[in-house]
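Here is what each chain is made of, one letter per residue.
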Amino acid sequence: MAVEELQSIIKRCQILEEQDFKEEDFGLFQLAGQRCIDEGHIEQLVEIIQNEKNKVIINNMGWNLVGPVVRCLLWNKEDEKRKHYFLMLDLLVKLCNPKELLLGLLELIEEPSGKQISQIILLLLQPLQTVIQKLRNNKAYSVGLALSTLWSQLSLLPVPYSKEQIQTDDYGLCQCCKALIEFTKPFVEEVINDKENSVESENEKLKDELLKFCFKSLKCPLLTAQFFEQSKEAGNDPLRCFASEIIGFLSAIGHPFPKMIFNHGRKKKTWDYLEFEEEEDKQLADSMASLAYLVFVQGISIDQLPMVLSPSYLLQFNMGHIEVFLQRTEESVFSKGVDLLENGLLRIEDNSLLHQYLEIKSFLTVPQGLVKVMTLCPIETLRKKSLAMLQLYINKLDSQGKYTLFRCLLNTSNHSGVEAFIIQNIKNQIDVSLKKTHDNKWFTGPQLISLLDLVLFLPEGAETDLLQNSDRQGSDFIFTGLWTELGKIENNFLKPLHTGLNMSKAHYEAEIKNSQENNVQKSKDLCSVTVGGEEIPNMPPEMQLKVLHSALFTFDLIESVLARVEELIEIKTKSTPEENIGIK
């Protein structure tokens, strides 16, 4: 019945001119064709499509059958008629109006979600490529529309994180990336083979669309993608291969990556079109950072870089990209910033990075970003690596650079452990300065006194939370042997610390007493304890007592060191004036 109905509609349309087809005819053709597919009359439908007499009708109306055919291929994977579905799809791609077919295919690609996204992309990439190559006008626009649609759908897929996830490729992202490269290659070759046209040519527009696609791909999936280690396995890494092809496309279409990454951020833009200039501040930062990581850390196409570039220049160039990485919260992204920083720092000799570099904003924001990772990242290995990178960064700076960075971090870190780390580094620099034959003014004399004003003080005087700041207070005692500033140290640091210790010990002793009394009355109750301003609920009374005793023990340690310091001060102040000069 469905076949006869379709043949009747076709017979009526055969006597009409193409321009006389009505909207009603399109609707009736689609409904009848859909019924033929639903009822399984695939072979008869293929014969109708192949009939030369129906060529004009199929050219105008046949694209409406693509959707039903594609859905059958997706849903009926074990159907014995699949070869007929594929044949029908090939015929429709060959015979239908390419403009209408393009829009129909892109609508189908936009429909699915989840794991079906990759399934339909893998199914339709080849037909989509064929259709675009048949277009005579506005090919660049069509390529751009197709690549944008494909990228938008792929960006919805989760990027595999581990080696196992990459190998299983549950959502098909890796397969799609490989297929997308094959889809794009003919259009890249078209640009390569047509370099003599004017700037306003269709070929130049096609180049722009390909450039946009490359930048989008650098951002997603490559910004968050993880890669196999550079070994024999690297060649089997689909995302690494995708990255290599994308960088290759950039060079092939006339935008070699050395030119792009070294010009990025300069007042003179790399791009010839206003659209890219507007895009740069909004989107390109992530893409360029991703490109820098792929080249310098992963070593993709690094042989294209000039060999005469100095290590400090390369670090300066990459610092902006490192800053972009460290501003992100995804572990897979900011960890790349840490790796890129390590790559740059290892090229530089210790104490050779000039302090003038700290006048560049990123040279101060990057270490501040490392501090955030050190203090906020839940992953221990990344916290430790960030700490190691901060120390490596400090080691590379000259004396004035170290001094400037220490002042910056002491003013901005707001973390006792970080401050203790910086204070220990200051102590190390003082030791080095005193052992050198020539004087280092940055860690001796007036400059040192100015720096220590940031070190030897309690942020809130006697009411400072000594438990939260215990790491810092322990490091501060290093400098109490600075006898020339003894009066200031006693007034601004030692006396408030003494008062604060007494207050804190009294408070915690009272808490212990109250906790013990409460335990007698109701031993099974759960208590809450506040740590660092945040309440930790449901803590058993026994654990609460343990925490309180631990705090009291910390205060005892600080108090014992304080007592020893005061004893040394008393001994020193009784000695001769000549002995009161210098640093002990």
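For clarity, every value in this text was computed on a predicted model and none was experimentally measured. (Residues numbered from 1 in each chain as written. Predicted model: local features only at pLDDT ≥ 70, side-chain atom pairs only at ≥ 80, totals over all residues. Heavy atoms only, no water.)

A. Quick peek at helix 3 (residues 42–50). Taken residue by residue, helix 3 has Ile-42, Leu-45, Val-46, Ile-48 and Ile-49 as its buried positions. All buried residues of helix 3 project into a common sector of 160 degrees when viewed along the axis, lining one side. Contacts from the buried residues of helix 3 go to helix 1 (2–14), helix 2 (23–38), helix 4 (55–61) and helix 6 (82–95). (Buried < 20%, exposed > 50% of the residue type's maximum accessible area, 1.4 Å probe, protein only. Helix = DSSP H or I, 4+ residues; strand = E, 2+ residues; numbered from the N terminus. Arc of directions from axis to C-beta. Contact = heavy atoms within 4.5 Å.)

B. Summary view of the pattern of salt bridges. The full count for this structure, using the stated rule, is 16 salt bridges. In this structure, Glu-204 and Lys-207 form a salt bridge, with 3.5 Å as the shortest nitrogen-oxygen distance. Note that Glu-204 and Lys-207 are positioned in helix 12 (residues 202–219) at a spacing of 3 residues, about one turn of the helix. A salt bridge links Glu-342 to Lys-385; the nearest nitrogen and oxygen atoms lie 3.1 Å apart. Of this pair, Glu-342 sits in helix 17 (residues 331–345) while Lys-385 is found in helix 19 (residues 380–396), placing the two residues 43 residues apart along the sequence. Within this structure, Lys-219, Asp-286, Arg-328 and Glu-330 form a network of salt bridges that share partners. (Salt bridge = Lys/Arg side-chain N within 4 Å of Asp/Glu carboxyl O.)

C. Region of interest: the environment of Gln-400. Examined against the element boundaries, Gln-400 turns out to sit in helix 20 (residues 399–412). Accessibility expressed as a relative area gives 24% for Gln-400, which makes it partly exposed. With 42 residues separating them along the chain, Gln-400 and Leu-358 place their C-alpha atoms 9.9 Å apart. Aside from chain neighbours lying at most four places away, what touches Gln-400 is His-355 and Trp-442.

D. Structural detail: the packing of helix 5 (residues 66–75) against helix 7 (residues 98–110). For the pair helix 5 and helix 7, interaxial distance at closest approach is 10 Å and the crossing angle is 35 degrees. Remark: the crossing between helix 5 and helix 7 carries right-handed chirality. From helix 5, Val-66, Gly-67, Val-70 and Arg-71 reach across to helix 7, where they touch Leu-101, Leu-105 and Leu-108. Here the residues of the contact of helix 5 with helix 7 sort into 5 nonpolar, 1 polar and 1 charged. (Axes fitted to C-alpha atoms, helices over the stretch in contact; angles between N-to-C directions. Left-handed = near helix turned anticlockwise from the far one by under 90°. Nonpolar A, V, L, I, M, F, W, Y, C, P; charged D, E, K, R; others polar.)

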